[in-house]
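One-letter residues, chain by chain:
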Amino acid sequence: MSIDAAPVPQLLTVPEVAALLKISVPSVRRLQQRRQIPFVKVGGCVRFTRADIAAYLDKRRVGAIDQ
């Protein structure tokens, strides 16, 4: 008997997101508290999915002038 389950997204901690974005931990917390970056709460802990971080970066992307 097999159970088809959706793949579980890879969850990142606040320090992992800070390292990934090359910003400080307080900056990540600020983004999270202002709801500028999506997050999930797991057992009272804040976690982020890689897909949400990638989407956040895409949304913040600034195009070149000559495009």
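So, here's what we can say about the structure. (Residues numbered from 1 in each chain as written. Predicted model: local features only at pLDDT ≥ 70, side-chain atom pairs only at ≥ 80, totals over all residues. Heavy atoms only, no water.)

1. Re the sheet that holds strand 3 (residues 45-49)
Okay, step 1: Spatial ordering of the open sheet is given by 1-3-2, a layout of three strands whose pairing is antiparallel. Looking at strand neighbours, the two that pair on one side only are strand 1 (11-12) and strand 2 (40-42), the edges of this open sheet.
Okay, step 2: Bridge analysis of strand 1 against strand 3 gives two bridges, and the strand direction is antiparallel. Note that in strand 3 the partner of Leu 12 across the bridge is Phe 48. (Pairing = 2+ DSSP bridges. Helix = DSSP H or I, 4+ residues; strand = E, 2+ residues; numbered from the N terminus.)

2. Description of a nonpolar patch on the surface
Okay, step 1: Taken together, the side chains of Leu 11, Val 40 and Val 42 present a nonpolar region at the surface, about 200 Å² in accessible area.
Okay, step 2: By the secondary structure assignment, Val 42 is in strand 2. (Patch = residues over 30% accessible without salt bridge, like charges linked within 9 Å, V, L, I, M, F, W, Y side chains within 5 Å. Areas by Shrake-Rupley, 256 points an atom, 1.4 Å probe, with all protein chains shown as cover. Salt bridge = Lys/Arg side-chain N within 4 Å of Asp/Glu carboxyl O.)

3. Focus on the pairing of strand 3
Okay, step 1: Where strand 2 meets strand 3, three bridges bridge the pair, whose relative direction is antiparallel. Note that in strand 3 the partner of Lys 41 across the bridge is Val 46.
Okay, step 2: Adjacent in sequence and paired antiparallel, strand 2 and strand 3 are bridged by two residues, among which Gly 43 carries a positive phi angle near 60 degrees.

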